[in-house]
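Examination of the molecular architecture
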Amino acid sequence: MGKLVVLKLGQGNWDNGFPVILQMGEEGSQPNIEIMGKLPAAPDLPLAYHAWQTSYLQLGKTTRLEPKTIIISNVSLTHHCIEASRTLLRYFNHWLNAESFRAIREKMLEQISPSDPVRLILQTEDPLLQRLPWHLWDWFEHYPQAEIALSSPAYEQIGQPTIARRQVRILAILGNSTGINTEADLHLLKQLPDADIQFLIEPERQQLTEQLWDAQGWDILFFAGHSSGYAIQCPPHHETSNLDETKNRIYLNQTDSLTLKEMKYALKKAVEKGLKVAIFNSCDGLGLAQELADLHIPQILVMREPVPDQVAQTFLKYFLMAFSQGESFYLSVRQAREQLQGLEHHYPCATWLPVIYQNPAQMPPTWQALRGATAKPVPQTALTLKQKLGKVVLMSLAVTGLVLGTRHLGFLQNIELMAFDHLIQLRPTEKTDPRLLVVTITEADIQAQNPKERQGSLSDPALLQLLEKLEKYQPRVIGLDIYRDFPAHTISIEKQISQAENLIGVCKVSDRSLDDPGIAPPPEIPLARMGFSDFLLDLDGKIRRHLLALTPEPASPCQASYSFSVQVAFHYLASQGILPSWTPDENLQIGQTVFKNLNHHQGVYQNLETWGHQILLNYRAADPVAAQVSLSDILTGKVNPDAIRDRIILIGTTAPSFGDYWLTPYSPNHSPKAELSGVLLQAHLVSQILSAVLDKRPLLWFLPRWGDVLCIWGGAFIGGIIVSLRFTENLKKRLISIVVVSGGWYVICWFSLVMSSCWLPFIPTLLAIIGTSTLMTYLISAQNRSNFYEHQTTPSSNLPPRDHISAHLNNSN
């Protein structure tokens, strides 16, 4: 049930303030709340209004007066008008937040729910109070279904006949159209459903009078063309707001005009026969509204200031669309008014212009009521929500199926991987892994060796010296990430390599599909201490997966079944009594930690070649992943023995000349500077295993397939629901809502990755949100257009406003 709120502003002035009475109650019932308050003195408010009105009228000054015209650039005029409007709003809302008015404001906030439809009627005789932008009172921000109307303190209820007819009868007067485009109004009216419209185009007086006396009566009186009203004069001392009234006049054609007093009897007869709504889509209509209110017309819709042609037509289009589709009269005005905001960069304060003038004794009609429908209409909101919910379910299922199909075919893999890289880079920084030390062989280290003795990056004498130094400090494991597919040249190095039980060597398995013969292991190291160095590359060349084990081809020179990183981790953990095993599902288990294999279709990876045992690589978010020292640092004794004792020592080259560099999720745009050396990449692999087993650091994981489906469908459903809600009927609000929901999903995906290492289907769900919301927006718009065809003609912005003959022009000087 809606609320009816009446604010009665009594006799007062700007120097002493205005007494206020608040009446509130349910729509259609007597008010059950009445309290009193006061709006205080505000002598600066009339001046602020007058300053704004003057700047507003000057926007079109060059089209109205000659020869006194002062040409100012449009940019300057527009800026001045905007600044004046901001000043007026500051004064206005400060006035309404006064302590003496606080009880009324708080009572309204207390008694009215944000979801309530609210008609707020302002009763006052003061013309300046009527011209203030009440719709911008900050109270309205809390109530999206509230709209304000003006009213005279004196009114009465009149009996009108109830006429059952199938069409709404409209008398449409298209008056003097000099310099404006009333043809657009005609086209808009013609698109109305269930309407019987009589057009009078630039009629004679007698012709108009005869139509107003028509025996069948009219439901709506519509006028488009030139009109004039009165202007507000603000005296220096602000004792009151004076009216300088000219005769309120409409211009019928090139030569004839009429005041409302000259139409009084004809209009009274039209009201007696059922006239319920008068719409004056013309300039400066408050004076017209006051005179029409004296005739007790239930609803009057006017423009309170001079209105540009394009603004008038845009408002009419959106108002007629909403009203004819079952929206209430008040909410139709609010929605149409708010949709004028898109024009305010060309026409400042366009949203200030439309205003309802209400006879409080009469209920606002609906389009159905004007057609004479006797049955109680089904609530449009409930029915519409049910229909929209059904469409949302169907559209979300269709979009989910489309996204899943597209993903299954692999079309989303690249963009999903890019999104993953982005989120990975945003993770909080972790500490360097204290269990690892990386010995790097730099370009300087290579150049320092005897080139005759060196084969590869490390000569036998240098390797022998390095191993002897390291063994002295008792590391737990030494991983030699350097290919040595040749025998040792001296007995001493052969003995050192073969007898070092904690030394792990490396080789490379062959791959026929890539015509890669592989690389043999060091002959001195047995297979039990050998690991393969092969990495898994995604299509973009980056490494995001960790290959734990595989079955080498029989002809491969490298017969190692476990990767180098796994062998290093095995030997480190074995000293603590933690041994590997295999689960019935053929997943590697170390201690209590199970490393689950990737499947053929899982997460972002579709049609994945799942040879071997692969898991996702959860890089350690530390730079560097482990402490580093150079070969020369070890050989010259510059390293603290405690940095070596009981640790894993990984030895490998970082010299760019050897090309052992790889792209990772931390490598933006494939930049060579962001590539990671092979030995540091091995450090990440070893750290992942140790951290998972010893520190319970979570491994990266995907949702099961049903979880992905649920996420994607949930996003699609939410996207459809968001654009179907009442508060997002405006396109801008829909876009904002979609952005907010998408941003929320982005945060959820990041949080999931940080807290549980779960890689959620970010891109597919985002596409589902956007896809369903876009389809629902299209379907809702298409349904609206099926009932009301939107007129596409865009009037020239250079046409003069409809106040071409307005009395305001003289006062703007």
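Quick caveat, the model's predicted, so the values are computed rather than measured.

In this section: the nonpolar core. Membership of the largest hydrophobic core comes to 118 residues, with the highest contact counts inside it found for Trp95 and Trp134. A total of eight residues in this core trace back to one element, the largest contributor, which is helix α9 (residues 309-324). Excluding its chain neighbours within four sequence positions, the residues that come into contact with Trp95 are Trp14, Phe18, Leu39, Pro40, Ala42, Leu45, Leu129, Leu132 and Trp134. Formed by 38 residues, the second largest nonpolar core is a distinct cluster that contains Leu470, Leu536, Val629 and Ile644.

This part takes up the pairing of strand β6 (residues 168-174). Taken residue by residue, a regular strand's side chains alternate between the two faces of the sheet. The buried fraction of β6 is high, at seven of seven residues. Of the two faces of β6, both are covered, the one formed by Val168, Ile170, Ala172 and Leu174 as well as the one formed by Arg169, Leu171 and Ile173. Here β6 pairs with strand β8 (residues 220-224) via five bridges, running parallel. Across the sheet, residue Ala172 finds its bridge partner in β8, namely Phe222.

Okay, helix α8 (residues 286-293) next. Counting buried positions along α8 gives seven out of eight residues, so the element sits mostly inside the fold. When we look at burial in α8, the residues that qualify are Leu286, Gly287, Leu288, Ala289, Gln290, Leu292 and Ala293.

A separate point is the confidence of the model for the protein chain. Summarising the model, the protein chain shows a mean pLDDT of 86, and 88% of its residues fall at 70 or more. Per-residue pLDDT stays below 50 along residues 231-246; that stretch engages in 41 contacts with residues further than four places along the chain or on separate chains.

Right, let's get into the pattern of salt bridges. According to the stated counting rule, one finds 29 salt bridges in the structure shown. Between Glu416 and Arg407 there is a salt bridge; the shortest N-O distance is 2.9 Å. Each member of the pair, Glu416 together with Arg407, is buried.

This brings us to the sheet that holds strand β9 (residues 227-228). Within a sheet, adjacent strands bond to each other through the backbone by hydrogen bonds, running parallel or antiparallel. Here we have three strands laid out as an open sheet, ordered β9-β12-β13, and antiparallel in their pairing. Edge positions in the open sheet fall to β9 and β13 (257-259), since each of these has one partner strand only. In this sheet, strand β12 (residues 249-251) lies alongside β9 in antiparallel orientation, the contact comprising two bridges. Bridge assignment links Ser228 to a residue of β12, and that residue is Arg249.

For the rest of this paragraph, the subject is the layout of surface pockets. Of the pockets and cavities examined, the second largest pocket occupies roughly 1,200 Å³. Considered class by class, the residues forming the lining of the second largest pocket number 16 nonpolar, 16 polar and 11 charged.

Moving on, we get to the state of the cysteines. Applying the stated criterion across every chain yields a total of one disulfide. What pairs with Cys507 in a disulfide is Cys558, and their sulfur atoms sit 1.9 Å apart. Around the S-S axis, the bridge from Cys507 to Cys558 shows a dihedral of about 40° and counts as right-handed. Here Cys507, found in strand β19 (residues 503-507), pairs with Cys558, found in the loop between β21 (545-549) and α17 (564-574); they are 51 residues apart in sequence, far enough to count as distant. Exposure class is identical for Cys507 and Cys558. Each is buried. Cys711 carries a free sulfur, and the closest cysteine sulfur to it, the one in Cys749, is 7.4 Å from it.

A few words on the sheet that holds strand β20 (residues 530-532). Read from one edge of the open sheet, six strands run β20-β19-β18-β27-β17-β26, paired in parallel fashion. Taken across any chain shown, the strands that pair with only one partner, and hence form the sheet edges, are β20 and β26 (627-630). With strand direction ignored, the average angle separating the axes of adjacent strands in the sheet is 25°. Strand direction decides the pairing type here: strand β18 (residues 477-480) and β19, joined by two bridges, are parallel. The residue bridging Gly479 from the neighbouring strand is Ile504, located in β19. Along the sheet, helix α15 (residues 460-472) contacts β17 (436-441), β18, β19 and β27 (648-653); its crossing angle with β18, the most-contacted strand, is approximately 160°.

In this section: the packing of helix α13 (residues 413-425) against helix α21 (residues 731-756). Orientation of α13 relative to α21, taken along the N-to-C sense of each, is 65°, at an axis distance of 10 Å. In this structure, α13 meets α21 at a crossing whose hand is right-handed. Together, Phe420, His422, Leu423 and Ile424 of α13 and Tyr746, Cys749, Trp750 and Leu753 of α21 make up the contact between the two elements. Partitioning the contact of α13 with α21 into residue classes produces seven nonpolar, one polar and no charged.

Reading guide: rules and limits
Residues numbered from 1 in each chain as written. Predicted model: local features only at pLDDT ≥ 70, side-chain atom pairs only at ≥ 80, totals over all residues. Heavy atoms only, no water. Core = buried A, V, L, I, M, F, W, Y, C linked by side-chain atoms within 4.5 Å. Buried < 20%, exposed > 50% of the residue type's maximum accessible area, 1.4 Å probe, protein only. Helix = DSSP H or I, 4+ residues; strand = E, 2+ residues; numbered from the N terminus. Contact = heavy atoms within 4.5 Å. Pairing = 2+ DSSP bridges. pLDDT = per-residue confidence, 0-100. Salt bridge = Lys/Arg side-chain N within 4 Å of Asp/Glu carboxyl O. 1 Å grid on protein atoms, 1.4 Å probe; cavity = no way out; pocket = protein on both sides within 12 Å on 5 of 7 lines; lining within 4 Å. Points joined across faces, edges and corners; volume = space filled by probe spheres on them. Nonpolar A, V, L, I, M, F, W, Y, C, P; charged D, E, K, R; others polar. Disulfide = S-S within 2.5 Å. Axes fitted to C-alpha atoms, helices over the stretch in contact; angles between N-to-C directions. Left-handed = near helix turned anticlockwise from the far one by under 90°.

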